Amino acid sequence: MVNSLLMQADQAAGPGDGKKECHVSVHQVDRFKFAILLPPLFVLSIIGCLYVVFVCWHLEPMLQQNVPVEKRNPDVLLRGQVEGALFHLLTFMILYCYISAVITHPGTVPNTAEWQLDWDQPQHKEQGDVAANEWKRTGERRYCKWCGKYKPDRCHHCRVCKQCILRMDHHCPWIMNCVGYHNYKYFFLLVWYSAVDCWYIALSMLTSVHKAVNEETEFTDLFMLVFGETLAILMGFLVVLFFSFHIWLMTRATTTIEFCEKSTKGDGVSGWKSAYDVGVVRNIFEVLGPTPWLWLLPISFPEGDGTSFFTVDKEVVKSRASGYKRDRRSLRES
Ligand SMILES: [Zn+2]
Ligand SMILES: [Zn+2]
């Protein structure tokens, strides 16, 4: 899964990034429009499968709806109610983050004059009036020939979305959208809640699976419980692996594309430090927002606009969140 996403990121990043040309033409993308619906449908069908198995084969027996009130086991009933409430909360968070990641625009280059490309006189590094960290090898300011605009740092052109994406991480077929500056937190939390939910399902259902295996149970019930348990564990491992990768990227102030660029250039990533790495906590502020107790909720976002970033050179680091807000203002004004 990680590999497929890395490959997708590599294909989706646009020209001018020192990458190989992608040979998927616009015509081909249009022609297979239906195909882009398959990954989201696959994701939704897995969520649906786990939901049905958990509710019908695990929760329902515990809620004892078909048992007369006086014969119900109150301990089992309470457990069913608590597990059901937590499960539905997690499912809601997954769907909220998923829909938000799909419909939130990741951010593109503003239409203001400062970003409009001057075809006759592309700006050069020596001119010294542009506060950019990334430049072309020729000394020219980075620009996108498709959009006709200069590129802010960490911005890449996505061939699938046909536009430049601010702090592009990768184009994600599972959400039919690019993961960029404005929807990265939704994407990150989607993976987080999915990991928690998969392991919550796997651990909660263990008692039901154990009971079904050891007691006389109809084949359909046994099959569905073992199927749900296996699916939850399998997805749990994959999602935790993917989440760990994104934790690693976030704490090192790196995107998937930057990681791929570093890996494919043969420099290796061990010992490499991103120019945007201004310390683990500050790096997390830049992705999950300035309020630590809201980091794992889909509210409170980074305060920047996706066109300027702290770098080691421009470091004005304060360890407190109030300092972060003040520094963000001074970064915008610089
Ligand atoms: Zn572009
Ligand atoms: Zn895209």
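You'll find the structure just up there.
What comes next concerns the included structure. (Residues numbered from 1 in each chain as written. Chains lettered and ligands numbered in written order. Predicted model: local features only at pLDDT ≥ 70, side-chain atom pairs only at ≥ 80, totals over all residues.)

### A few points about unusual backbone geometry
In the Ramachandran plot, K162 falls in the positive-phi region, its phi being about 60 degrees despite a non-glycine side chain. The topology assignment puts K162 in the loop between β3 (156–158) and β4 (163–165). Classification of K162 by C-beta neighbours within 10 Å gives exposed; the count is 12. The phi dihedral of M176 falls on the positive side, at around 50 degrees, and the residue is not glycine. Mapped onto the fold, M176 is located in the loop between β5 (170–172) and β6 (177–179). For M176, a count of 16 C-beta atoms within 10 Å translates into the label partly exposed. (Helix = DSSP H or I, 4+ residues; strand = E, 2+ residues; numbered from the N terminus. Buried ≥ 20, exposed ≤ 12 C-beta atoms within 10 Å, placed from the backbone.)

### Here's the deal with the packing of helix α4 (residues 74–103) against helix α5 (residues 184–214)
Closest axis-to-axis distance for the α4/α5 pair is 9 Å, and the angle between their directions is 155 degrees. Taken together, the axes of α4 and α5 lie roughly antiparallel to each other. Helix-helix and strand crossings are classified by hand; for α4 and α5 the assignment is left-handed. Every residue of α5 that contacts α4 at E83, L86, F87, L90, T91, M93, I94, C97, Y98, S100 and A101 is listed here: Y186, F187, L189, L190, Y193, S194, V196, D197, Y200 and S204. (Axes fitted to C-alpha atoms, helices over the stretch in contact; angles between N-to-C directions. Parallel < 35°, antiparallel > 145°, perpendicular 65-115°, else oblique. Left-handed = near helix turned anticlockwise from the far one by under 90°. Contact = placed C-beta atoms within 7 Å.)

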